[in-house]
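# Observations on chain architecture
So you can see what is in the structure, the chains are spelled out below.
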Amino acid sequence: AKQLDAATVRDLFAAHINPGQLHFLKLLGFDKILVDRAEGMHYITRDGRKILDFFGGFCSVAFGHNHPRIIAARQKFQDENRHEICMAFMSQYAAALAKNLAEIAPGDLDMVFLGSTGSEAMEAALKVAEQVQGPARSKILHAANSFHGKTKGVLSVTDSTLYQSQFKLVENRVKVPFGDIEAVRKALESDRSIGIVVMETIQGGGGIVEAPLGFWRELRALCDKHDVLWVADEVQCGLGRTGQFFAFERDGVVPDVTALAKALGGSKAAVGAMIARRDLYMKAYGKPKSALIHAQATFGGMGEACISAIEGLNVLYDEDLMGNARRQGDYLIERLNQLRAKHPSLLKEIRGRGLMIGVEFNDISETMPFGLKHMVALLDDKLKGSLCGFVGALLLKDYDVLVAFTEYNRNVIRLEPPLIATREDCD
Ligand code: PMP
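Residues numbered from 1 in each chain as written. Predicted model: local features only at pLDDT ≥ 70, side-chain atom pairs only at ≥ 80, totals over all residues.

Within the protein chain, the regular secondary structure consists of 16 helices and 16 strands. When the backbone C-alpha atoms are referred to their principal axes, the protein chain occupies close to 60 × 55 × 45 Å. Of all 427 residues assigned to the protein chain, the portion counted as buried reaches 46%. For the protein chain, long-range pairs separated by at least 24 residues make up 72% of all intrachain contacts whose partners lie at least 6 apart in sequence. (Helix = DSSP H or I, 4+ residues; strand = E, 2+ residues; numbered from the N terminus. Buried ≥ 20, exposed ≤ 12 C-beta atoms within 10 Å, placed from the backbone. Contact = placed C-beta atoms within 7 Å.)

Listed below in structure tokens is the structure:
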């Protein structure tokens, strides 16, 4: 394909993709930037600007952009004319990736369903849980400010009126505040039809929110007591980002089902994985009669995607990226807290673990310039004021640093850089 310029891309975006979204891209000045290449920690624009990536595609770039080892593995795969789509035949690549994930995942999390996205992995997770629990216990407990995807099934447990209001949702669900074990206890004790609990281990779209230490241990005990299945969404927080492979490992417990996606394809391919306890999976799909109820989709377990994922996992361990995430994350949080102490009226809170960090600004709606107020009002009518879009745009304009905004709390900037970030990058 021939190279297009920024104006042409903008016009095509407006004509064929999402004209409404262009409005926001324009407000941030993103309609004038065309990224041509990406290497390691950086995006490189058509006009040669190097933009430091502390956004990381909402945790989709764990290994850095175009990691040479992942590129080489893909290249070898192509040079050897390996096969891609395995629907009819067994795939050695899918088998090898599933084995790796089963070995990494603790406990009996041994059965792997491979798809392409986080939403697909989470759909598979909820389906396995529902299959096992049956219709009488299929009510789902989820958390306020949750994000699990926008496909029709998981949309019901994604807590956003903006995303949900136009669609008919699964009614069989109940919501509790995130991290509130007493609310979970009350719900499970009073409603036997709740058979499934689904939560992100660290809320990403909610603004990098952690449950209190020990919450997952207590949740595990409650689920065991009431015969409820715990589905841990690790799509954003998993894959080593917090310094441990799964964020739930913080509390030394194991969920019944979990899901990974985003960077799982080595940041070069779309791979989502649902990993379930062996006995649950066997109960749901283990018999020939039930095996096809939720078997892989067209591109699930695709060769080059699996190769990318396997090499990504090798890089994660060989380069000690989890250790790096811990070290750089601690350093960033310490430095950000120093800034907060210096500017308490501006910075409200720094939170997170490893390289999944939320920087919350104070609400300054009263003093905000008109243009910004206007921009923010367009984003969300519930919102009173936010600095984060403004700060994000400034960082990009003046410092060539890209950060992420946050869906449900526009006062929060997310720092979710590739796990290869160095101390200089953090500085
Ligand atoms: N779960 C969580 C926690 C996520 O952050 C996301 C994506 N932001 C999803 C699920 C959905 O993933 P995808 O966009 O790949 O469908």
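Core analysis: the biggest nonpolar cluster contains 114 residues, and Ala125, Val128, Val231, Ala273 and Met274 have the highest contact counts within it. Sort the elements by how many residues they give to this core and helix α6 (residues 118-133) lands first, with eight residues. Mapped onto the domain boundaries, this core takes at least three residues apiece from domain 1 (33-62 + 320-426) and domain 2 (69-318). If near-sequence neighbours (up to four positions away) are discounted, Ala125 is found in contact with Val231, Val257, Ala259 and Met274. (Core = buried A, V, L, I, M, F, W, Y, C linked by C-beta atoms within 7 Å. Domains from an automatic or database assignment.)

In terms of domains, the protein chain is made up of domain 1 (33-62 + 320-426) and domain 2 (69-318). For domain 1 versus domain 2, the separation of C-alpha centres amounts to 26 Å. Listed per partner, the contact involves 26 residues of domain 1 and 23 residues of domain 2. Elements with a contribution of two residues or more to the side of domain 1 that touches domain 2: α3 (56-59), α13 (321-342), β13 (347-353), β14 (356-361) and β16 (412-415). Residue contributions to the side of domain 1 that touches domain 2 peak at five residues, all from α13.

So, on to the sheet that holds strand β15 (residues 401-402). The four strands are arranged β1-β2-β3-β15 in an open sheet whose pairing can be described as mixed. The sheet terminates laterally at β1 (35-39) and β15, the two strands that pair on one side only. Two elements, strand β2 (residues 42-45) and strand β3 (residues 50-53), share three bridges in a ladder whose sense is antiparallel. Its bridge partner being in β3, Tyr43 is matched across the sheet by Ile51. (Pairing = 2+ DSSP bridges.)

The next subject is the pairing of strand β10 (residues 229-233). The buried fraction of β10 is high, at five of five residues. Both strand β7 (residues 194-200) and β10 contribute to a ladder of five bridges, which runs parallel. Considered in β10, the bridge of Val198 is made with Val231. In this sheet, strand β11 (residues 257-260) lies alongside β10 in parallel orientation, the contact comprising three bridges. For Ala232, the partnering residue across the bridge sits in β11 and is Thr258.

This next bit is on α13. Given 3.6 residues per helical turn, the α-helix brings residues three or four places apart onto the same face. Here α13 contains 22 residues, and its C-alpha end-to-end distance of 31 Å stays within 8% of the 32 Å for a straight helix at 1.5 Å per residue. Buried residues of α13: Leu321, Met322, Asn324, Ala325, Gln328, Gly329, Leu332 and Leu336, and no others. Viewed end-on, α13 has its buried residues packed into an arc of 130 degrees, placing them on one side of the element. In α13, the exposed residues that point more than 90 degrees away from the buried face are Glu334, Gln338 and Ala341. Residues of α13 that are buried sit in contact with α12 (303-318), β13, β14, β16 and α16 (423-426). (Expected span 1.5 Å × (residues − 1). Arc of directions from axis to C-beta.)

The next thing to look at is the packing of helix α5 (residues 92-104) against α12. Between α5 and α12, the least distance of the axes is 8 Å, while the angle of their chain directions is 30 degrees. Taken together, α5 and α12 sit at an angle that is classed as roughly parallel. Note that α5 runs across α12; the crossing there is left-handed. Touching Tyr93, Ala94, Ala96, Leu97 and Asn100 of α5 are Gly303, Cys306, Ile307, Ala309, Ile310 and Leu313, all from α12. (Axes fitted to C-alpha atoms, helices over the stretch in contact; angles between N-to-C directions. Parallel < 35°, antiparallel > 145°, perpendicular 65-115°, else oblique. Left-handed = near helix turned anticlockwise from the far one by under 90°.)

This part is about the sheet that holds β16. With respect to topology, three strands assemble into an open sheet ordered β13-β14-β16, the strand pairing being antiparallel. On the outer flanks of this sheet lie β13 and β16, each paired with one strand and no other. Each strand axis lies, on average, 15 degrees off the axis of its neighbour in the sheet, ignoring direction. Pairing between β14 and β16: four bridges, direction antiparallel. Residue pairing in the sheet places Glu360 in a bridge with Val412 of β16. In the packing of α13 onto the sheet, the strands contacted are β13, β14 and β16, and the crossing angle to β13 comes to about 170 degrees.

A word on unusual backbone geometry. Glycine aside, residues mostly have negative phi, and peptide bonds are mostly found in the trans state. A positive phi angle, close to 55 degrees, is found at Ile208, a residue other than glycine. With respect to the helices and strands, the residue Ile208 is situated in the loop between β8 (202-203) and β9 (209-210). Exposure remark for Ile208: the 28 C-beta atoms within 10 Å place this residue in the buried category. In this model, Lys262 sits at a positive phi of 45 degrees, which is unusual for a non-glycine residue. Relative to the elements of secondary structure, Lys262 occurs in the loop between β11 and β12 (272-277).

Thr117, Gly118, Ser119, Val235 and Gln236 are the nearest of the 15 residues found near the ligand. Among the elements that take part in the shell around the ligand, α6 stands out by supplying three residues, more than any other. By residue class, the composition of the shell around the ligand is five nonpolar, eight polar and two charged. (Near = placed C-beta within 6 Å. Nonpolar A, V, L, I, M, F, W, Y, C, P; charged D, E, K, R; others polar.)

In this section: the confidence of the model for the protein chain. Counting all residues, the mean pLDDT for the protein chain is 92, and 93% of those residues have values of 70 or more. Across the protein chain, element-level confidence peaks in β10 with a mean pLDDT of 99 and bottoms out in helix α14 (residues 370-379) with 55. Here residues 380-385 is modelled with pLDDT under 50, and outside its nearest four sequence neighbours on either side it reaches ten contacts, counting other chains as well. ipTM for the predicted complex: 0.99, alongside a pTM of 0.95. (pLDDT = per-residue confidence, 0-100.)

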